[in-house]
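Structure assessment
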Amino acid sequence: MKFKSLFTATTLAAAMCLPMSLSAADDYPNKPIEFIVPWGPGGGSDLLMRLVGKHLEAELGQAIPIINMPGASGTIGLREASRRSNDGYTITQIHEGLLIAHHSGVTELNWDDFDVVSMMTSDNSVIVVNADTGWETLDDMLEAVTERPGHYRMGVTLGGIPHLWAVQFEESTGTQFGYVGYEGTGERMRALAGGHITVAIEDYFSARAFVENGDMNVLAAATSERISELPDTPTLQELGHDLEFLVTRGIVLPKGAPESIIATLESALENVANSEAFKTDIENVGGTVRYLNRQDYIDYLERNDEFVENNAHYLD
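Because the structure is predicted, anything quoted here is derived from the model rather than measured. (Residues numbered from 1 in each chain as written. Predicted model: local features only at pLDDT ≥ 70, side-chain atom pairs only at ≥ 80, totals over all residues. Heavy atoms only, no water.)

**Remarks on the overall build of the chain**
Formally: Put simply, DSSP H or I for four residues or longer makes a helix, DSSP E for two residues or longer makes a strand, and each gets a number counted from the N terminus. When checking whether two residues touch, look at their non-hydrogen atoms; a contact exists if any pair is within 4.5 Å. Only the protein chains shown count as cover for residues, and all accessible areas are computed by the Shrake-Rupley method using a 1.4 Å probe. Charged residues are defined here as Lys and Arg on the positive side and Asp and Glu on the negative side; His and the ends of the chain fall outside this count. Each charge is placed at NZ for Lys, CZ for Arg, CG for Asp and CD for Glu.
Looking only at helices and strands, the chain features 11 helices and 11 strands. Taking the principal axes of its C-alpha atoms as reference, the chain extends roughly 95 × 40 × 30 Å. Once local pairs closer than 6 in sequence are excluded, the contacts in the chain between residues at least 24 apart make up 75%. Carbon and sulfur atoms provide 50% of the accessible area of the chain, an area that totals close to 14,100 Å². Taken together, the 20 basic and 47 acidic charged side chains of the chain have centroids lying 10 Å from each other.

**Comments concerning the sheet that holds strand 2 (residues 66-68)**
Put simply, the rule is: At least two bridges found by DSSP between two strands are what make those strands a pair. Think of each axis as a best-fit line through the C-alpha atoms, taken over the contacting stretch in the case of a helix, with angles from 0 to 180 degrees between the N-to-C directions.
Pairing in this open sheet of six strands is mixed, and the strands run 2-1-3-10-4-11 from one edge to the other. The open sheet is flanked by strand 2 and strand 11 (287-292), the only strands paired with a single partner. Averaged over all neighbouring strand pairs, the angle between strand axes comes to 30°, with direction disregarded. Pairing geometry for strand 1 (residues 34-37) and strand 2, over three bridges, is parallel. Paired with Ile36 across the bridge in strand 2 is Ile67. Sheet strands touched by helix 3 (residues 75-83): strand 1, strand 3 (90-94), strand 4 (114-123) and strand 10 (248-254). Its angle to strand 3, the strand with the most contacts, is close to 145°.

Next up, the structure:
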């Protein structure tokens, strides 16, 4: 009798816990989802992820407040996100910078410390300089920099994507710059417009207003094809440099989220990516919609992680 009572009580307790757990996932989301963007306001990640959040809100029917947590090449915000509950009510954004920060020793975190959901966007990067230099072409810049190695300053995120790009650019062009570190694109663009640095490799949208105002000149596109808004600007590859500087951005969760929640987010983000309104919004800020589902994004991250690991010595 005692055994039967114990068994019944244990079974009842387990039965009570199980439906609660399933219910929590089945009615997801039933409250706001915090979106930690690990970069400062005004840069490419902030602008693009605010658009992702806006359209995801409409898709899921819940508010998605954006929380900017910049610092340490994006790793402060990612550290905070990794410590959050894995109940699906915190999401965050990663890009190739996390792989670089990991393999250069900035953080022990890497992409596989999160649950991957999907890739959403990619950028159109350009070589941009302060207009006061008078440089109109890439050859103009290369000639000046070659004559005065280390004199001209390039803005980068130390230990981040722009740092690796800068080293690759120097190696391909036989040049040498002095590096100045900034945490985000917005800060770096203001420094370039103000003449505190000379050159940067940035997404075109972040630079566009400064270019249109005459504060900056675009010397080359760092894309595989010419940018539609800059039809007369050649690509680095056209100019003889086998370089393409790509930043993709995707959504991840704290590790250990229920599969049903990951699937819900993956499906919602796919719907967002296929939306013409979303595509228009992303194109209007100079980005490109580039959706990959969970498995394809994992495959992409694995390939690029291997590439970064093999090239991390450039950052020494």
